[in-house]
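Here are the chains, one letter per residue:
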Amino acid sequence: MGFKHQTNPIHIPVPGGKTIAEHFGIPSTGSSDLSVAHMVAPAGWGEPFQSPNFDEWTLMVRGKKQIEVDGKVIILSAGESILVEKGTKVRYSNPFSEDAEYWSVCKPAFSLDLVNREPET
């Protein structure tokens, strides 16, 4: 078959109220080549620093997301995107008052084995 029509993304539970609907990736399609997920991070959400072994593209749909990378703080707004290359130390958060809605694309696919999150502080 030359296409995959995704009609039932996998909903992945995560702490802090963030929702993940993975359309393509290891849990949803069994493919480790690439993952594509729709995410909504609530106001006040954040996760620890990580140094993933995958490239990650973030494409903002609504709200804002804070990205701490290479000693800089970047505020990504709706309509903007960013590529964080593998091996880069990064922290994602939403310290703002509204939800942050975005799409994430990871190559190779996101996995807990590749994300290399630092312990919570």
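To be clear, the structure that these remarks concern was listed above.
Residues numbered from 1 in each chain as written. Predicted model: local features only at pLDDT ≥ 70, side-chain atom pairs only at ≥ 80, totals over all residues. Heavy atoms only, no water.

Asks: How would you sum up the overall build of the protein? Please name residues and give values.
Replies: If you tally the helices and strands in the protein, you get two helices and 10 strands. Whereas a compact globule of 121 residues would reach a radius of gyration of roughly 14 Å, the protein reaches 14 Å, a difference of no more than 12%. Here the protein, with 121 residues, has 40% of them falling under the buried criterion. Long-range pairs, those at least 24 residues apart, make up 64% of the contacts in the protein with a sequence separation of at least 6. Accessible surface for the protein amounts to roughly 6,900 Å². Of this, 54% is attributable to carbon and sulfur atoms. Positive and negative side-chain charges of the protein, numbering 11 and 15 respectively, have mean locations separated by a distance of 1 Å. (Helix = DSSP H or I, 4+ residues; strand = E, 2+ residues; numbered from the N terminus. Rg over C-alpha atoms; globule rule 2.2 N^0.38 Å. Buried < 20%, exposed > 50% of the residue type's maximum accessible area, 1.4 Å probe, protein only. Contact = heavy atoms within 4.5 Å. Areas by Shrake-Rupley, 256 points an atom, 1.4 Å probe, with all protein chains shown as cover. Lys, Arg positive; Asp, Glu negative; His and termini not counted. Charge placed at Lys NZ, Arg CZ, Asp CG, Glu CD.)

Asks: Got a sec to walk through the sheet that holds strand S6 (residues 64-69)? Specific residues and values, please.
Replies: The strand order S4-S9-S6-S7 describes an open sheet built from four strands, whose pairing is antiparallel. With partners counted over all chains shown, the strands left at the sheet margins are strand S4 (45-46) and strand S7 (72-77), one partner each. (Pairing = 2+ DSSP bridges.)

Asks: Tell me about the sheet that holds strand S3 (residues 35-41), and please be specific about residues and values.
Replies: Strands in a sheet are paired, the pairing made by backbone hydrogen bonds, and the direction either parallel or antiparallel. With antiparallel pairing, six strands are arranged side by side in an open sheet as S1-S2-S3-S10-S5-S8. Across the chains shown, the open sheet's two edge strands, defined by having one partner strand only, are strand S1 (10-13) and strand S8 (81-84). Taking the axes of each pair of neighbouring strands and ignoring which way they run, one obtains an average angle of 25° across the sheet. Bridge analysis of S1 against strand S2 (residues 19-24) gives four bridges, and the strand direction is antiparallel. Within the sheet, the bridge partner assigned to Ile-12 lies in S2 and is Ile-20. (Axes fitted to C-alpha atoms, helices over the stretch in contact; angles between N-to-C directions.)

Asks: Can you lay out the pattern of salt bridges for me, pointing to particular residues and giving the numbers?
Replies: Any two side chains of opposite charge can pair, on the condition that their charged atoms come close. Summed over the entire model, instances satisfying the criterion amount to four salt bridges. Note that Arg-62 is salt-bridged to Glu-101, the shortest N-O span being 2.9 Å. Here Arg-62, found in strand S5 (residues 55-62), pairs with Glu-101, found in strand S10 (residues 100-107); they are 39 residues apart in sequence, far enough to count as distant. For Glu-68, the salt bridge is made with Arg-91, and the minimal N-O distance between the two is 3.1 Å. Of the two residues, Glu-68 is situated in strand S6 and Arg-91 in strand S9 (residues 90-94); the sequence distance between them amounts to 23 residues. (Salt bridge = Lys/Arg side-chain N within 4 Å of Asp/Glu carboxyl O.)

Asks: An account of unusual backbone geometry is requested, with residue identities and associated values reported.
Replies: Note the cis peptide between Lys-107 and Pro-108, where omega equals -5°. Structurally, Pro-108 can be placed in the loop between S10 and helix H2 (112-115). Phi at Asp-70 is positive, roughly 50°, even though this residue is not glycine. By the element assignment, Asp-70 lies in the loop between S6 and S7. By relative accessible area, Asp-70 is classed as exposed at 66%. You will see that Asn-116, though not glycine, has its phi angle at about 55°, which is positive. Here Asn-116 shows up in the segment after H2. Using a relative accessible area of 36% as the deciding quantity, one classes Asn-116 as partly exposed.

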